[in-house]
Structures are given as C-alpha cells and as structure tokens.
Amino acid sequence: MAKTEGRKMRILITGATGFVGFYLSEYLRDKKDINIFGTGFGEVQEDFRLAFPDYKKWVFVGDLKDKKFVLDIVKKSKPDAIVHLAALSAPGDSWKISQEILTNNMISQFNILEAVKAQNPKTKIITISSGQVYGAVKPNEVPLTEKNPLRPNNPYAVSKLFQEFLGLQYFLNYQIPVVILRPLNHIGPRQQGNFAIPSFVKQIIEIEKGIKPPVIEVGNLDAKRDFTDVRDICRAYFLAIKKCKAGGVYNLSSRKAYKMADILTTLLKNAKVKIKVKVNKEFLRPSDIPILSSDYSKFKKATGWKPEIPLEKTLKDTLDYWREKNL
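A quick note: this is a predicted structure, and the numbers were derived from the prediction, not measured.

Caption draft 1: Region of the structure containing the overall build of the protein. A count of helical and extended segments in the protein gives ten helices and 13 strands. Since a compact globule built from 327 residues should have a radius of gyration of about 20 Å, the 20 Å found for the protein is in line with a globular shape. Its C-alpha atoms put the protein at 60 × 45 × 40 Å along the principal axes. With 327 residues in all, the protein has 53% of them scored as buried. Relative to all contacts within the protein whose residues are 6 or more apart in sequence, the contacts with residues 24 or more apart total 80%. Of the roughly 15,500 Å² of accessible surface on the protein, a fraction of 52% belongs to carbon and sulfur atoms. Side chains of the protein carry 54 positive and 34 negative charges; the gap between the two charge centres is 4 Å.

Caption draft 2: Highlighting the side chain of Asn105. As for its position among the elements, Asn105 is in helix 4 (residues 98-119). Residue contacts for Asn105: discarding those within four places in its chain leaves Ala87, Leu88, Tyr156, Ser159 and Gln163.

Caption draft 3: Broad picture of the packing of aromatic side chains. Here the structure, examined in full by the defined rule, presents 14 aromatic pairs. Consider the rings of Phe22 and Tyr23, whose centres lie 6.5 Å apart with planes at 40°: the pair is tilted. Each member of the pair Phe22 and Tyr23 is classed as buried. Geometrically, the ring pair formed by Tyr170 and Tyr174 is tilted, given 5.2 Å between the ring centres and 55° between the ring planes.

Caption draft 4: Broad picture of the environment of Asp295. By the secondary structure assignment, Asp295 is in the loop between strand 13 (291-292) and helix 9 (297-303). Residue class for Asp295 comes out buried when judged on its relative accessible area of 14%. A C-alpha to C-alpha distance of 5.5 Å links Asp295 and Arg255, two positions 40 residues apart in sequence.

Caption draft 5: Local environment of the nonpolar core. Ranked by size, the top nonpolar core spans 61 residues in total, and within it Ile11, Trp58, Val83, Leu181, Tyr237 and Phe299 carry the most contacts. With residues near it in sequence (within four places) discarded, Leu181 still touches Ile126, Thr127, Ile128, Ser129, Ser130, Tyr237, Ala240, Tyr250, Leu252 and Phe299. Counting 23 residues, the second largest nonpolar core, distinct from the first, contains Ile207, Val218, Leu264 and Trp322.

Caption draft 6: Expanded view of the pairing of strand 4 (residues 81-84). Here strand 4 shows a buried face lined by Ala81 and Val83 and a second buried face lined by Ile82 and His84. Where strand 1 (residues 9-14) lies against strand 4, four bridges are found, and the strand directions are parallel. Its bridge partner lying in strand 4, Ile13 is registered against Val83. Relative to strand 5 (residues 124-128), strand 4 runs parallel, the two being bridged by four bridges. Its bridge partner lying in strand 5, Ala81 is registered against Lys124.

Caption draft 7: Spotlight on unusual backbone geometry. Looking along the chain, the bond that leaves Val142 and enters Pro143 is cis, with omega of 0°. With respect to the helices and strands, the residue Pro143 is situated in the loop between strand 5 and helix 5 (155-174). Despite not being glycine, Gln175 has its phi angle at roughly 60°, a positive value. In this structure, Arg255 is a non-glycine residue whose phi angle is positive, near 65°.

Caption draft 8: View of the sheet that holds strand 3 (residues 59-61). The seven strands lie next to each other as 3-2-1-4-5-6-10, forming an open sheet whose pairing is parallel. Looking along the sheet, the strands with just one partner apiece sit at the ends: strand 3 and strand 10 (249-252). Pairs of neighbouring strands in the sheet enclose a mean axial angle of 20°, with direction left out of account. Strands in contact with helix 1 (residues 19-29) are strand 1, strand 2 (34-40) and strand 4; relative to strand 1, the strand with the most contacts, it is inclined by about 165°.

Caption draft 9: Examining helix 4 more closely. Under the 1.5 Å per step criterion, the end-to-end length of helix 4 is 32 Å for 22 residues, consistent within 8% with the ideal 32 Å. In this structure, the buried side of helix 4 is in contact with strand 1, helix 3 (67-77), strand 4, strand 5, helix 5 and strand 6 (178-183).

Caption draft 10: Representation of the state of the cysteines in the model. In this structure the tally under the stated criterion is zero disulfides. No disulfide involves Cys244; its sulfur sits 15 Å from the nearest other cysteine sulfur, which is in Cys234.

Caption draft 11: How the structure looks around the pattern of salt bridges. Overall, the coordinates contain 18 salt bridges when judged by the stated rule. Notably, a salt bridge pairs Asp80 with Arg7, separated by 2.7 Å at the nearest N-O pair. On the criterion of sequence distance, the pair formed by Asp80 in the loop between helix 3 and strand 4 and Arg7 in the segment before strand 1 is long-range, its members being 73 residues apart. Taking relative accessible area as the criterion, Asp80 reaches 1% and is therefore assigned buried. With a relative accessible area of 40%, Arg7 lands in the partly exposed category. One salt bridge in this structure joins Lys68 and Asp72, with 2.9 Å as the shortest N-O distance. Residue Lys68 and its partner Asp72 are located together in helix 3, separated by four residues, close to a single helical turn. The structure contains a network of salt bridges with shared partners spanning Glu208, Lys316, Asp320 and Arg323.

Criteria and cut-off values
- Residues numbered from 1 in each chain as written.
- Predicted model: local features only at pLDDT ≥ 70, side-chain atom pairs only at ≥ 80, totals over all residues.
- Heavy atoms only, no water.
- Helix = DSSP H or I, 4+ residues; strand = E, 2+ residues; numbered from the N terminus.
- Rg over C-alpha atoms; globule rule 2.2 N^0.38 Å.
- Buried < 20%, exposed > 50% of the residue type's maximum accessible area, 1.4 Å probe, protein only.
- Contact = heavy atoms within 4.5 Å.
- Areas by Shrake-Rupley, 256 points an atom, 1.4 Å probe, with all protein chains shown as cover.
- Lys, Arg positive; Asp, Glu negative; His and termini not counted.
- Charge placed at Lys NZ, Arg CZ, Asp CG, Glu CD.
- Phe/Tyr/Trp six-rings, centres within 6.5 Å; stacked < 30°, edge-to-face > 60°.
- Core = buried A, V, L, I, M, F, W, Y, C linked by side-chain atoms within 4.5 Å.
- Pairing = 2+ DSSP bridges.
- Axes fitted to C-alpha atoms, helices over the stretch in contact; angles between N-to-C directions.
- Expected span 1.5 Å × (residues − 1).
- Disulfide = S-S within 2.5 Å.
- Salt bridge = Lys/Arg side-chain N within 4 Å of Asp/Glu carboxyl O.

Here is the structure:
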C-alpha cells in the first residue's frame, strides 16, 4: 500500500451508498486520519443523504462497468486503498438475472484493477468476495477454512470467484496488492433486497402496521447459516486495509451456524402480533446449501478481529429500525 506518512489516508469505497458501504462510510468518517471517497449507482437513498449532507463532494455516481468513469474516479480520489463492495449481491436473485450479475460483477472488478494498474499500482485493493464461493459444502467440512474446495453452485458465487481469480492474476503479474475477503451473511438495520432476514423483518413490520394479513411467507427454513453484524464486518474491512497481506485470502464469519427456522422464531417472539408461517415454493432455490459456516481464525491472527455484537441485538436493532420507517 502507498505510504501515507504526514497526510491522511485516502480510501475509496465502491458501493458507498449501499447497505454495507453506508456503514463503512460512517465508520471511517469518524477517523480523523482518513479521507473517504465513494461511488454510488442510481438514486441515493434518503437515509444516506441525511447522514451525509455533503455526499456530492465525495461520492461519484455512475456505472462501474464504464471504464472511463472508473478511470476518472481513481484519478480524482487518488486512493491509497479501495474497498470494492459494489456488486449485484443476492444469491437468490442470481438465478433470475444470471447474465446481469455475471456481467456487472466481472466487468466492474476488471475496470477497477485496470484503473489502478494504469495510475497507481501500489493502491491496496480489498476485494469483497463471498463465502458463497465454497458452494456445495458437505456437512463434515464446516466450519470452512480458506483451504476448502471451491464448488460455486449459483451464478452470484461464480461471479465472485471470477473476481477473486482476476484479483490474484493482477497481484501475481503486476504486484498490485490485492486482498480477498470471503464474508458469510452479514445483516443489520437498513438492509433491504431479496435476503431472508430483511424479508422476514419487512413482512413482520407490515403485519404489525396492518399493511398485510398476519401470515409470513418464507423459503427453506431448514438451512443453517452463519450471520455477522454488518457493524462488525465494517471493522474487519478497515483492519484488512491496515494489516492483511497482499495476495491473502481470508474468511469472515461468526463461526456459528443458526437454523433459519430458529432465526424466524426469535423474530416472531419479538413481534407485536401473532403471525402464521407459510412456505412459498417461489422462494426456494434450484440448489441450496444445507449448512454454511466458516472459521475466521486466519483473519483473527492477522488483525486481532473477532465479532462482538450478538445476533439477538442485531435482530432487535433491525426490527426497531424498520418499525420507525414509513413503509
């Protein structure tokens, strides 16, 4: 990574206006020795505009598939490090929009690497992959380590594995300091989209507010998943900039697998009304992973990080956030 002695470190966050990028922007804003820059796509959500009234001064809105746009933002921000968060990221959706997800995630990664190679090959790139790259995991393989076989079994996972291998190629051939992180599910307030927990929460709040009948529709509740609070994940991303070795691959997780049925039960216990559960076959995926949990020991050894926020608090905070929102 480029030296920053005597000046503030400059960090570019792609996808700064999204769920994780928003939290990471807040986390880094409070650090006096850092200047943050970001990218956004489409309309910037109201919560972000309120949190960052000056966002137009440091957020570049555009399409990362546009090579010229990426070259321009890297030139203007002159980053010491890039946290590449921007992606189409719902595994469930990837079956419906496979080509869009593959194209978006692959070309965006390529453009960022090319821009850094052209302007400052010392820029450290934190490539956010996903634990989904492990794919068809066998029960006896969990918790997963970074040495586990990679068997991606959905288009999103394939796009993430492409990002990893492309980053590795630029590290090996051009010495660009790329670090690859494989986080599992991370959740928290403000999360939207086609993910299980925000779907559960949104339906519960709609029922509480009388917007829909007291029936929640769900997919596969037998799957076991590893969840980490988004605020813990953002601490990890910053530590990766400071302490992870170029060319390294690291898992991020809580190392605890929770059955989706138990997650839903916890949420329903905190609901203000009684709610029935109905399985909707449309929510089921062509292939699913029975259990997904990983070991973050390698990352902990490199950075000292470990998750601190318990799942119960994350779920409560998420419910409370959506109760205050106008749906």
